[in-house]
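Chain and residue survey
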Amino acid sequence: MEFTPENKKKVSEILKRYPEGKVGRQAALLPLLRLAQEQFGFVSEEVMTYVASILDIPPAQIYGVATFYTLFNKKPVGKYHLQVCTNLSCCMEGAEETLSHLEKRLCIRSGETTPDGKFTLSEVECLAACGSGPVIQVNEEYHEDLKTTENVDRLLERLK
Amino acid sequence: MDLVLTKNFDLPDAFSLPVYEGRGGYSSLKKLFSLKPDEVIEEVKKSGLRGRGGAGFSAGMKWGFIPKNSGKETYLCVNADEGEPGTFKDRALLLKDPHRLIEGTIIGSYAIGCHTAYIYIRGEFFREYKILEQALSEAKAKRYLGENILGSGYDLEIYTHRGAGGYICGEETALIESLEGKRGYPRIKPPFPAIQGLFGCPTAVNNVETVCALPYIIEKGAGAYKKMGTEKSSGTKLFSISGPVNQPGVYEVEMGFPLRKFLQEQAGGLRPGKILKGVIPGGSSMPILNAEEVEQVTLDYESMNKFGTFLGSGGVIVIDEDYCLVKALRILARFYAHESCGQCSPCREGTGWVHKILKRIEEGEGKASDLDLLLDISDNMIGQTICVLADSIAMPTKAFITKFRKEFEDHISLKKCPKTIA
Ligand SMILES: Cc1cc2nc3c(=O)[nH]c(=O)nc-3n(C[C@H](O)[C@H](O)[C@H](O)COP(=O)(O)O)c2cc1C
Ligand code: SF4
Ligand code: FES
């Protein structure tokens, strides 16, 4: 397991953003885990050990940090990760119906991945787009105003 | 009223440097470098600008706590972790006017003598991050950043640092921990970040909106800013509004603007057929106002306090008569239970317990004694913890139950939601 040459260059750029020495290396932890997740798909134990070796930090410490943050996937996710906000403003716009419609359409429950590995469905907390709920984050992109089942179906259609 | 924060929101490409400059962007810097850092702090103090991240502490005063000549680096951390349910104003600034944020960050950094500033941006914000990175490289190419900015002799680098999911990282000391590559655990204060913050150095943490107000204050002067708003809440503020209104969105108004008028004029009123039940005024951790109070309150720190609530981050959540308050509060309790970092037992246990009881009531299995139990648990959470996340659900719980007790009681005695019974 290794970063691509391009990502290795990014690693040294990231390290330059923080002070030299131990504290600076530790500060680069989140950005490096993020980069690793981009390249390897999820943050496995192997990934954590690899990042630990770059930063010269004990792997156990990395594990403790990685598990604290929800954006680090500790197991593989589908090609499309559908993250439905079910906080208050979105629920007032019908986010629960949006979620249950997705569950029905994909034949999985929230927290699961379709057998073909295409979709993972999750419930997430407020995405800071509350004025245009229900909101679903698909990988890195926000999709807003997913009020009706037709809108949700159209979104799924586009992801096929 | 002058538009301080949303002046460029009408321009489709305000995020690009030429467009920003075309509207007078970065013109405050010349004046900035003609002032001494202390004079900048003085000007911001005089403007009366208060932090827009929630607590409303004087921005100039906070900077004044940063020791000079401590022999250590000084840092500015811009808090772009926006995660308070109902709040989506910082995201609008990031998407539409990133250069204003950069210009403000230069001002803040200069004032506190910092040469490396970090913008801690919420991990979910991908587009916002890309736009900000692009803006930073444009600014750098134009020498607004880097060494000897505009020949002033002042050096500054601004870096983004992306979060990785976790509401608690918006709390300023948790943000610092997270920037340092640790779990986002709030620190016990003192020491305050001004003395011992990022990497053990003096640090100021400021909200995006706070920072975005700075270019105006430097350019037009404290007086122009202070002229707007009320005595203790000067200037303008962004309010994000969601719920059953005709035009949800982000609006800038002068502080002191009546909430009722705001609902009517900016948000376009309630949707047809909807009757107002209550408003959570400043993001989900603020105590709710009932319809009667909504008629009287104005959008400023003093007025909100008079009604036992807070302006917070300006996330206005409207709730109408058809929506079940047990459910609304249960959703919020789930959020705080999920986001508690678990360091303090009153918070770790309390948030979970409150959520469990509300869930039980919602599902028709509540007991008559549950309401007093909820109030009791809440009382035991307030002021007992390292940060105020515990209070953030305890205070709303108390307000929901005291102001709308009948609805909770009906839910318990009917063993289901009164709204579902036609
Ligand atoms: C649990 C919790 C979450 C917070 N989240 C945010 C946030 O997302 N953004 C923010 O600017 N401030 C947030 N704050 C407030 C910060 O701790 C801090 O007061 C603020 O960033 C200071 O900036 P200001 O003085 O410019 O308001 C949060 C506070 C708490 C207790
Ligand atoms: S109050 Fe809650 S979130 Fe804040 S430090 Fe304590 S346990 Fe963590
Ligand atoms: S409540 Fe869904 S984005 Fe805020």
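These figures come from a predicted structure and were not determined experimentally.

As a further point, take the overall build of chain B. Summing up its helical and strand segments, chain B has 19 helices and eleven strands in all. Taking 2.2 N^0.38 as the reference for a compact globule, 422 residues should give roughly 22 Å; the C-alpha atoms of chain B span a radius of gyration of 22 Å, in line with that estimate. Projecting the C-alpha coordinates of chain B onto the three principal axes gives extents of approximately 75 × 45 × 35 Å. Buried positions account for 61% of the 422 residues belonging to chain B. Of all intrachain contacts in chain B linking residues separated by at least 6 positions in sequence, the fraction that spans at least 24 positions is 70%. Computed over 53 positive and 53 negative side-chain charges, the inter-centroid distance for chain B is 1 Å.

With that out of the way, let us pick up the confidence of the model for chain A. On average, residues of chain A carry a pLDDT of 95, and 100% of them reach 70 or more. Mean pLDDT values for the elements of chain A range from 91 in helix 8 (residues 149-159) of chain A up to 98 in helix 6 (residues 88-92) of chain A.

This next bit is on the pattern of salt bridges. All names here are of chain B. Tallied over the entire structure, the rule returns 41 salt bridges over all chains. Measuring nitrogen to oxygen at the nearest pair gives 2.9 Å for the salt bridge that ties E157 to K140. You can see E157 sitting in strand 3 (residues 157-162) and its partner K140 sitting in helix 7 (residues 126-141), a full 17 residues away along the chain. We classify E157 as partly exposed; its relative accessible area is 23%. Under the relative-accessibility criterion, K140 is labelled partly exposed at 39%.

Looking now at the site of ligand 2. As a matter of local geometry, ligand 2 sits amid B:I168, B:P186, B:S340, B:C341, B:G342, B:Q343, B:C344, B:C347, B:T385, B:I386, B:C387 and B:L389. In terms of residue class, the shell around ligand 2 is built from eight nonpolar, four polar and no charged.

What follows deals with the pairing of strand 8 (residues 276-280) of chain B. Taken residue by residue, a regular strand's side chains alternate between the two faces of the sheet. Residue and element names in this part refer to chain B. With five of its five residues buried, strand 8 lies for the most part within the structure. Looking at chain direction, strand 8 and strand 9 (residues 289-290) are connected through two bridges and run antiparallel. The residue bridging V279 from the neighbouring strand is L289, located in strand 9.

The geometry of an aromatic ring pair is captured by the separation of the ring centres together with the interplanar angle, meaning the angle of the planes. One pass over the structure, following the stated rule, counts 23 aromatic pairs over all chains. With a centroid separation of 5.0 Å and 80° between ring planes, the pair formed by A:F68 and A:Y69 is classed as edge-to-face. A:Y69 shares its class with A:F68; the two are buried. By way of ring pairs, the aromatic residues A:Y18, B:Y75, B:Y118, B:Y159 and B:F199 are connected into one cluster.

On to the nonpolar core, then. By size, the foremost hydrophobic cluster in this structure holds 155 residues, and its most contacted members are A:L88, B:I102 and B:I106. The greatest single-element share of this core, amounting to nine residues, is contributed by helix 15 (residues 325-339) of chain B. Not counting chain neighbours up to four residues away, the residues in contact with B:I106 comprise B:Y26, B:L29, B:L32, B:F33, B:Y144, B:L145, B:L156 and B:I158. Ranked by size, the runner-up nonpolar core spans 23 residues in total, among them B:I241, B:V245, B:V279 and B:M304.

Next up on the list: the site of ligand 1. All names here are of chain B. G53, K62, N79, N207 and T210 are the nearest of the 18 residues found near ligand 1. The contact in question runs from an oxygen atom of ligand 1 to an N or O atom on the side chain of N79, over 2.9 Å. At a separation of 2.9 Å, an oxygen atom of ligand 1 approaches a polar backbone atom of E172. Top element by residues in the shell around ligand 1 is strand 4 (residues 203-207). It accounts for three residues.

Chain A puts 40 residues into the contact, and the matching count from chain B is 56 residues. For the pair chain A and chain B, the two sides together bury roughly 3800 Å², of which 55% comes from carbon and sulfur. Its largest share of buried area at the contact with chain B, chain A owes to A:R17, A:F68 and A:L88, together 18% of the area lost on that side. Where chain A touches chain B, the interface holds six salt bridges. With a closest N to O distance of 3.6 Å, B:R334 and A:E125 form a salt bridge. Applying the counting rule to chain A against chain B returns 23 residue pairs in polar contact (both at pLDDT 80 or more).

Let's shift gears to the sheet that holds strand 3 (residues 136-138) of chain A. All names here are of chain A. Read from one edge of the open sheet, four strands run 2-1-3-4, paired in mixed fashion. The open sheet has two free edges, formed respectively by strand 2 (119-124) and strand 4 (141-143), since each of these has just one partner strand. Sheet twist, expressed as the mean angle between neighbouring strand axes with direction ignored, is 25°. Judged from the three bridges that link them, strand 1 (residues 80-85) and strand 3 form a sheet pairing that is antiparallel. Paired with L82 across the two strands is V138, which belongs to strand 3.

To continue, consider the environment of B:Y75. For B:Y75, the position within the fold is in strand 1 (residues 75-80). On a C-alpha basis, the gap between B:Y75 and B:N8 in space is 28 Å, while along the polypeptide they are 67 residues apart. Among all residues touching B:Y75, those that are not within four sequence positions of it are A:P19, B:I112, B:C114, B:T116, B:Y118, B:L198, B:F199, B:C201, B:P202, B:T203 and B:A204.

This part covers the packing of helix 17 (residues 370-381) of chain B against helix 18 (residues 389-403) of chain B. All names here are of chain B. At their nearest, the axes of helix 17 and helix 18 sit 9 Å apart, and the two run at 145° to each other. Here the hand of the crossing between helix 17 and helix 18 comes out left-handed. Contact residues: L371, L374, L375, S378, D379 and M381 in helix 17; A390, D391, I393, A394, T397, K398 and I401 in helix 18. By residue class, the composition of the contact of helix 17 with helix 18 is eight nonpolar, two polar and three charged.

What follows is about the pairing of strand 5 (residues 236-242) of chain B. All names here are of chain B. Taken across its seven residues, strand 5 has seven buried, putting it largely inside the fold. In strand 5, alternate side chains face the same way, and those of T236, L238, S240 and S242 on one face and K237, F239 and I241 on the other are all buried. Judged from the six bridges that link them, strand 5 and strand 6 (residues 249-254) form a sheet pairing that is antiparallel. Its bridge partner being in strand 6, F239 is matched across the sheet by Y251. Here strand 5 folds back onto strand 6, and the loop between the two strands holds six residues, one of which, G243, carries a positive phi near 110°. Alignment of strand 5 against strand 11 (residues 315-320), held across three bridges, turns out to be parallel. Following the sheet pairing, S240 is matched in strand 11 by G315.

The rules behind each value
Residues numbered from 1 in each chain as written. Chains lettered and ligands numbered in written order. Predicted model: local features only at pLDDT ≥ 70, side-chain atom pairs only at ≥ 80, totals over all residues. Heavy atoms only, no water. Helix = DSSP H or I, 4+ residues; strand = E, 2+ residues; numbered from the N terminus. Rg over C-alpha atoms; globule rule 2.2 N^0.38 Å. Buried < 20%, exposed > 50% of the residue type's maximum accessible area, 1.4 Å probe, protein only. Contact = heavy atoms within 4.5 Å. Lys, Arg positive; Asp, Glu negative; His and termini not counted. Charge placed at Lys NZ, Arg CZ, Asp CG, Glu CD. pLDDT = per-residue confidence, 0-100. Salt bridge = Lys/Arg side-chain N within 4 Å of Asp/Glu carboxyl O. Near = heavy atom within 4 Å. Nonpolar A, V, L, I, M, F, W, Y, C, P; charged D, E, K, R; others polar. Pairing = 2+ DSSP bridges. Phe/Tyr/Trp six-rings, centres within 6.5 Å; stacked < 30°, edge-to-face > 60°. Core = buried A, V, L, I, M, F, W, Y, C linked by side-chain atoms within 4.5 Å. Polar contact = N/O pair within 3.5 Å; in protein donor to acceptor, adjacent residues only side chain to side chain. Buried area = accessible area lost by both parts, 1.4 Å probe. Axes fitted to C-alpha atoms, helices over the stretch in contact; angles between N-to-C directions. Left-handed = near helix turned anticlockwise from the far one by under 90°.

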